[in-house]
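A closer look at the structure
Single-letter residue listing:
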Amino acid sequence: MTNKAKEDAEKRNAAAVAKCLAEHTFPPKLSGWEFFKSIGSPKHVIAPMVDQSELAWRVLSRRYGADLCYTPMFNAKLFAKEIKYRDEHWAGLKDGLGGGGPNDRPLIVQFCANDPEYLLQSALLVAPYCDAVDINLGCPQHIARRGHYGSFLMEDWPLISSLISTLHKNLPIPVTAKIRVFPEAEKTVEYAKMVVAAGAQILVVHGRLREMKGHLTGVADWEKIRLVREAVGHLVPVIANGNILYHEDVANCIEKTGCAGVMSAEGSLYNPAIFTPGHPESWRLAEEYLTICDELDTKIAYVRGHLFKIFRPSLNVHVDLRSELGLANSREAMWEVTRKLKERLIEDEEKSRQSGESFEECKDEQGFPILPHWVAQPYFRQPMPPQEAKKDEIQEQDSNAAAATASTKRSADESGHRDSEDHTNTTVKSKKTMSEAERNRVKNKKAKYAATKCQNEKGCNNAFSGTCSFHRCRGCCRLYQREIERYDCPPHAIRSMQKEVQGRLPRVDSDEAIGGVALEGMIVGSSAASFVTPAVEGEEQEPKPAERCLIL
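No experiment lies behind these values; they were computed from the predicted model shown.

Of the regular secondary structure elements, the chain holds 22 helices and eight strands. By the burial criterion, 47% of the 552 residues in the chain qualify as buried. When contacts within the chain are restricted to residue pairs at least 6 apart in sequence, those whose partners lie at least 24 apart make up 65%. Summed over all atoms, the accessible surface of the chain reaches about 28,500 Å², with 51% contributed by carbon and sulfur.

Below, the discussion takes up the sheet that holds strand β5 (residues 175-180). Taken together, the eight strands give a closed barrel; going around it, the order is β1-β2-β3-β4-β5-β6-β7-β8, and neighbouring strands pair in parallel fashion. Within this sheet the neighbouring strands show an average axis-to-axis angle of 25 degrees, counted without direction. Relative to strand β6 (residues 203-206), β5 runs parallel, the two sharing four bridges. Bridge pairing in β6 links isoleucine 179 to valine 205.

The subject of this paragraph is the packing of helix α9 (residues 185-198) against helix α10 (residues 222-232). With their axes 9 Å apart at the nearest point, α9 and α10 run at an angle of 45 degrees to one another. The angle between α9 and α10 falls in the class oblique. Here α9 runs over α10; the crossing is right-handed. Here Ala185, Thr188, Val189, Ala192, Lys193 and Val196 of α9 lie close against α10, whose contacting residues are Lys224, Leu227, Val228, Ala231 and Val232. Among the residues forming the contact of α9 with α10, the class breakdown is eight nonpolar, one polar and two charged.

What follows deals with the packing of helix α13 (residues 282-296) against helix α17 (residues 331-354). It is the contact of α13 with α17, at a shortest axis distance of 10 Å, that shows an interaxial angle of 160 degrees. What the angle tells us is that α13 and α17 run roughly antiparallel. Along this stretch, α13 crosses α17, giving a crossing that reads as left-handed. For the pair α13 and α17, the contacting residues are Ser282, Trp283, Ala286, Glu287, Leu290, Thr291, Cys293 and Asp294 in the first and Arg331, Met334, Trp335, Thr338, Lys342, Leu345 and Ile346 in the second. Its residues assigned to classes, the contact of α13 with α17 shows eight nonpolar, three polar and four charged.

Calculation rules
Residues numbered from 1 in each chain as written. Predicted model: local features only at pLDDT ≥ 70, side-chain atom pairs only at ≥ 80, totals over all residues. Heavy atoms only, no water. Helix = DSSP H or I, 4+ residues; strand = E, 2+ residues; numbered from the N terminus. Buried < 20%, exposed > 50% of the residue type's maximum accessible area, 1.4 Å probe, protein only. Contact = heavy atoms within 4.5 Å. Areas by Shrake-Rupley, 256 points an atom, 1.4 Å probe, with all protein chains shown as cover. Pairing = 2+ DSSP bridges. Axes fitted to C-alpha atoms, helices over the stretch in contact; angles between N-to-C directions. Parallel < 35°, antiparallel > 145°, perpendicular 65-115°, else oblique. Left-handed = near helix turned anticlockwise from the far one by under 90°. Nonpolar A, V, L, I, M, F, W, Y, C, P; charged D, E, K, R; others polar.

Read these as geometric descriptors, not functional statements.
Structure follows, in structure tokens:
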């Protein structure tokens, strides 16, 4: 940036700050430990989570011991430029009703950014309604790579320093930062020192590398967090993030790292009561959350996602309600699923009590508590197999297949007169020679195919989509919708016909106008999409204890 451009940017920043100060009154700006004490020295912190730490979830979390909450991450450029984006992500901002008002404090608003000017403009919009503004320097997702923000700024220290210092110098409230660690402890400590020197007044350290996400999440490194706390903890409060699975982990983390507080992200999604002792029934948490959502008119997509996580262990037992929850498109429908699941879980608990079954002091091979499916509990991901081992396994399978093919050809050549039926019998086992396990697999495969076969009365050999309202494949479903003049099947909806029925568009007969829509709010790669996305839930087996992988 040239000197002229830099001067122009500083003038625009000064004008924006002056406007904000003229319209709002702010208390004296505090820093470091003074600021931390002014907001109650929060020990239990709810992390910023895209589309998941919304107002309703923050209200629920505060009821169960959360001392400080972060908003979902907002895109600073979009927030500054687009009114529609602001209204969608921060309800009531234009009316001066930012966040949840006095009941939603202390509150820190998080932005992702790579432009200091847009970041300041966005921060000034929310400054009157929160206690601090946080900069996301830890998001590891691919969208962050494409947008050049989050953890993908870790190598660009000058830009990070510019983002933080711009807010520190101009914003009437403190700026904070959330970072990830480097593979090297020394570099992590130097990185943290740079962030604090630039002006961050609270530092949250997530003890995982940028590459540690999804099935590669692994275990957070509390030792690196401890080293950062020792290096900068006398200047600003350091909050630890990672490995918080149970309530007992909170005290353990503080003891091992010496941090001022602990942040929970995914752990709190599966158990919003993680900051309180005990294991509450999942249906109680779900009912309380739905009641809050009714009062705050929360988005259906957010509600569905949270219910899938709260009920995850229960839906692995009562799998029929998983599809019903996936198809629920109103809070009333979600209430109905919750009531059904509540009745079943109470019955399961009563049967367990009558049979004398006890889960007290029960632990798996790794020492984790074994909990019944009707209580809230953490989620353990299955780790991905080592890529080299997987490659060797594929090569071995290919070699075995090639050897089997060559052996079959030699046998056919030696016989010379074997017909095709006999030849098939040399490679395919008969029922008599199959083991019982093999016969069961064939039987189950046929039963599964029969159960998912397209229900078209005229006959169709395709399998129907699990979410289809009419139990038909895509082609048959769309033909059937035209016959009955109903076009709202979730995975096979016909948009043009829907609009025609609603009177918004003239009739369109072209096949080019026909398109499908997905279930609103399903999040690929999370348990919220367990029904829609086979790769997530489907029929996966519960991982063995020795193969479990820790999450946030």
